[in-house]
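For reference, the chains in residue letters:
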Amino acid sequence: MMEWVRELPLIPAVAFLYVVIWLRAGATYLLGRGARKAADRGRMAAFLHSPGVERATEMINRWGAPVVALSFLTVGFQTAANAAAGLTGMPARRYAPALAVGGLAWAFIYATVGLVAVRAWFELFIISPWGAVGVLGVLVVLVAVLLRHRRRTGGTLGEPQPARVDQPPVD
């Protein structure tokens, strides 16, 4: 990605990347929708309206939103998932929330650790699924401990806090 995005503070970087993913993924979805409409007018219309394709389309429209959301955590699958959502005619009311959630996760990951860490985790998952789950568990516990520490200390990492009025001073 562009170096200047990495130099931005976290919130503006995430916001910028979130807009980028909405534009990119949304355009891919709309291209898929347009391709389906174009195909629906030609010789493909009979195929697109066949019982098998109708059943598959209904199933993807019903259950595909989680696939779209999770696709943003992969490398190389998100474009295919967004195009498939458009090609199958997934309603925008199902697609948009999936894009909102998955796109925010993508923007946050890309603005913080980048895709290098995500790719490394997926490679670990291929080698050892339990190891990858363990790493994810350790990260969740670490974040929880850091957030708890931050809440207790008021956000400081090493500076002593003044004693509270209801506690005796510690010598």
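The rules we used
Residues numbered from 1 in each chain as written. Predicted model: local features only at pLDDT ≥ 70, side-chain atom pairs only at ≥ 80, totals over all residues. Heavy atoms only, no water. Bend = angle between axes of the 7 residues up to and from the residue. Helix = DSSP H or I, 4+ residues; strand = E, 2+ residues; numbered from the N terminus. Buried < 20%, exposed > 50% of the residue type's maximum accessible area, 1.4 Å probe, protein only. Contact = heavy atoms within 4.5 Å. Arc of directions from axis to C-beta. Phe/Tyr/Trp six-rings, centres within 6.5 Å; stacked < 30°, edge-to-face > 60°. Lys NZ or Arg CZ within 6 Å of the ring centre and 35° of its normal. Patch = residues over 30% accessible without salt bridge, like charges linked within 9 Å, V, L, I, M, F, W, Y side chains within 5 Å. Areas by Shrake-Rupley, 256 points an atom, 1.4 Å probe, with all protein chains shown as cover. Salt bridge = Lys/Arg side-chain N within 4 Å of Asp/Glu carboxyl O. Core = buried A, V, L, I, M, F, W, Y, C linked by side-chain atoms within 4.5 Å.

Enquirer: Explain helix α4 (residues 51-71) to me, please; I cannot follow it from the model alone.
Expert: An α-helical turn contains 3.6 residues, so any two residues separated by three or four positions project in the same direction. Of all the bends in α4, the greatest reaches close to 60 degrees and is centred on Trp63; the proline Pro66 follows between one and four positions later. Within α4, burial applies to Val53, Thr57, Asn61, Gly64, Ala65, Val68, Ala69 and Ser71. Contacts made by the buried residues of α4 are with α2 (10-41), α3 (45-48), α5 (78-87) and α6 (92-111).

Enquirer: Please clarify how α5 should be interpreted in this entry.
Expert: Buried residues of α5: Gln78, Ala81, Asn82, Ala85 and Gly86, and no others. The buried residues of α5 occupy an angular sector of 135 degrees when the element is viewed end-on, so they sit on one face. Against α2, α4 and α6 lie the buried residues of α5. Once α5 finishes, Gly89 follows within two positions and takes phi at roughly 80 degrees, a positive value.

Enquirer: Where do I start with the packing of aromatic side chains in this structure?
Expert: For any pair of aromatic rings, the description rests on two quantities: the centre-to-centre distance and the angle between the ring planes. Enumeration according to the criterion identifies 5 aromatic pairs in this entry. A ring pair is formed by Trp106 and Tyr110, whose centres lie 5.2 Å apart and whose planes are at 40 degrees; its orientation type is tilted. Taken together, the residues Trp106 and Tyr110, both in helix α6 and 4 residues apart, mark about one turn of the helix. Using a relative accessible area of 22% as the deciding quantity, one classes Tyr110 as partly exposed. With 5.2 Å between their ring centres and 80 degrees between their planes, Trp121 and Phe122 make a pair best called edge-to-face. Members of the aromatic cluster, each reached through a chain of ring pairs, are Trp121, Phe122 and Phe125. The residue whose ring lies beneath Arg24 is Trp106, and the NZ or CZ to ring-centre distance is 5.6 Å.

Enquirer: Where do I start with a nonpolar patch on the surface in this structure?
Expert: Taken together, the side chains of Val135, Leu136, Leu139, Val140, Leu142 and Leu146 define a hydrophobic patch exposed on the protein surface, amounting to about 510 Å² of accessible area. The topology assignment puts Val135 in helix α8 (residues 129-153).

Enquirer: How should I be thinking about the nonpolar core in this particular structure?
Expert: One recurring pattern in soluble globular proteins is that nonpolar side chains are buried together. Of all hydrophobic cores here, the largest spans 18 residues; its most connected members are Val68, Phe72, Ala85, Met90, Tyr95 and Trp106. Looking at this core, the elements with two or more residues in it are α2, α4 and α6. It is α2 that provides the largest number of residues to this core, a total of 6 residues. Excluding anything up to four places from it in sequence, Met90 contacts Tyr29, Arg33, Ile60, Asn61, Gly64, Ala65, Val68, Ala85 and Tyr95.

Enquirer: Is there a simple way to think about the environment of Leu17 in this case?
Expert: Its location among the elements puts Leu17 in helix α2. We classify Leu17 as buried; its relative accessible area is 0%. Note: C-alpha distance between Leu17 and Val5 (12 residues apart in sequence) is 8.5 Å.

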